[in-house]
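Residue-level structural notes
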Amino acid sequence: MATTVTAVAGPPRYGSYDQPLPYFDIVLVGEPGVGKTSIYNRLENNTFKEGTTPPAGMDCFDRVYHVSAQTDENIKVAARVWDSFDHESYYRNVERSFYKFAKAVVFVYSLDKSSSLTCLTFWIEDATSFAPKNALWGFICNKIDLPMEDQVVCDDEIEHFFDIQFKNDLQGRNVLRYKTSAKTGEGIPDVLVDLLCMFGEQAATESERSNVNLTRLEEERDQPQPTVSDEGCLIL
């Protein structure tokens with residue numbers, strides 16, 4: 001049986017099911033212009049718009065997913081994905097506080113901006129300092145749809161960067177790496193499926209991923225602002 005991740009209609013509300021759901025926050029970080037908001041839009045509703053405007057603060061969406069793999073076990077996972085504002089002063093004052101709730105930090109860089117790769121060290125240092133030690137880390141190389149003449153970051157440069165990082169801050173970490181196009185949607189489902197499978201304690205092998213069926217249902221779009229529960233979890 002192939003791994004299946006299915007979105008459940010309606011925004012998740014803590015306690016709206018017979019038993020409390022495991023709740024997981026995913027934070028997207030990276031330099032301006034790398035496509036974080038476009039990736040966020042793909043994850044939320046599978047849409048893309050040229051010249052997408054970054055959020056004026058922290059934007060998020062919530063959804064409950066059913067995750068099942070080779071067993072008959074079906075696990076409900078509530079996930080919240082956060083898109084980050086690019087303004088430095090806002091980041092320093094607000095965004096760092098969101099790291100402490102993150103179950104996964106997804107670092108985004110793009111093939112048309114060499115500084116977006118080298119500046120990942122800043123985001124890595126912050127995640128190391130502020131995110132939970134057991135948080136999952138994913139790295140997205142975005143804009144693989146660009147023609148070769150517009151790509152300024154080569155594979156050798158990327159591998160050299162990660163070789164150095166695996167000897168330092170990434171040493172001993174379970175790191176996920178992806179190549180995506182927010183414009184075409186290529187590779188985007190893999191990110192969500194892998195994270196949800198790990199969240200739901202399901203192992204999605206490489207052979208299973210080729211048969212993944214990622215389905216979403218319509219959900220209510222108006223959602224209340226998140227608050228922090230006594231357990232330290234972001235809830236609606």
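Structure report, in brief. (Residues numbered from 1 in each chain as written. Predicted model: local features only at pLDDT ≥ 70, side-chain atom pairs only at ≥ 80, totals over all residues. Heavy atoms only, no water.)

With that settled, the discussion passes to helix α5 (residues 155-166). When the terminal C-alpha atoms of α5 are compared, their 16 Å separation across twelve residues agrees well with the 16 Å that a helix rising 1.5 Å per residue should span. Turning to α5, its buried residues number three or more, namely Ile-158, Phe-161, Phe-162 and Gln-165. What you see down the axis of α5 is that its buried residues fit within an arc of 90 degrees, all on one side. Among the exposed residues of α5, those pointing more than 90 degrees away from its buried face are Asp-156 and His-160. Lining the buried residues of α5 we find β5 (102-110), α3 (114-118), α4 (120-130), β6 (136-142) and β7 (175-179). (Helix = DSSP H or I, 4+ residues; strand = E, 2+ residues; numbered from the N terminus. Expected span 1.5 Å × (residues − 1). Buried < 20%, exposed > 50% of the residue type's maximum accessible area, 1.4 Å probe, protein only. Arc of directions from axis to C-beta. Contact = heavy atoms within 4.5 Å.)

Attention now goes to helix α1 (residues 36-45). The buried fraction of α1 amounts to nine of the ten residues, a majority that puts the element mostly inside the structure. Looking one or two residues beyond α1, the residue adopting positive phi is Asn-46, at roughly 55 degrees.

Right, let's get into the side chain of Lys-36. Relative to the helices and strands, Lys-36 is located in helix α1. Of the polar contacts made by the side chain of Lys-36, one reaches the backbone oxygen of Glu-31; its length is 3.1 Å. (Polar contact = N/O pair within 3.5 Å; in protein donor to acceptor, adjacent residues only side chain to side chain.)

All right, on to the pattern of salt bridges then. Here the structure, examined in full by the defined rule, presents seven salt bridges. For Arg-80, the salt bridge is made with Asp-25, and the minimal N-O distance between the two is 4.0 Å. Separated by 55 residues along the polypeptide, Arg-80 in strand β4 (residues 75-83) and Asp-25 in strand β2 (residues 23-30) bring together distant segments of the chain. For the residue pair Arg-80 and Asp-25, the accessibility class agrees, reading buried in each case. Residue Lys-113 pairs with Glu-31 through a salt bridge whose shortest N-O separation is 3.7 Å. Of this pair, Lys-113 sits in the loop between β5 and α3 while Glu-31 sits in the loop between β2 and α1, and the two are 82 residues apart along the sequence. Looking at Lys-113, the relative accessible area reads 27%, which means it is partly exposed. By relative accessible area, which is 15% here, Glu-31 ends up buried. What you see here is one network of salt bridges that share partners, running through Asp-25, Asp-62 and Arg-80. (Salt bridge = Lys/Arg side-chain N within 4 Å of Asp/Glu carboxyl O.)

Attention now goes to the side chain of Arg-63. As for its placement among the helices and strands, Arg-63 is situated in strand β3 (residues 59-68). Given a relative accessible area of 1%, Arg-63 falls into the buried group. A polar contact is formed between the side chain of Arg-63 and the backbone oxygen of Glu-44, at a distance of 3.1 Å.

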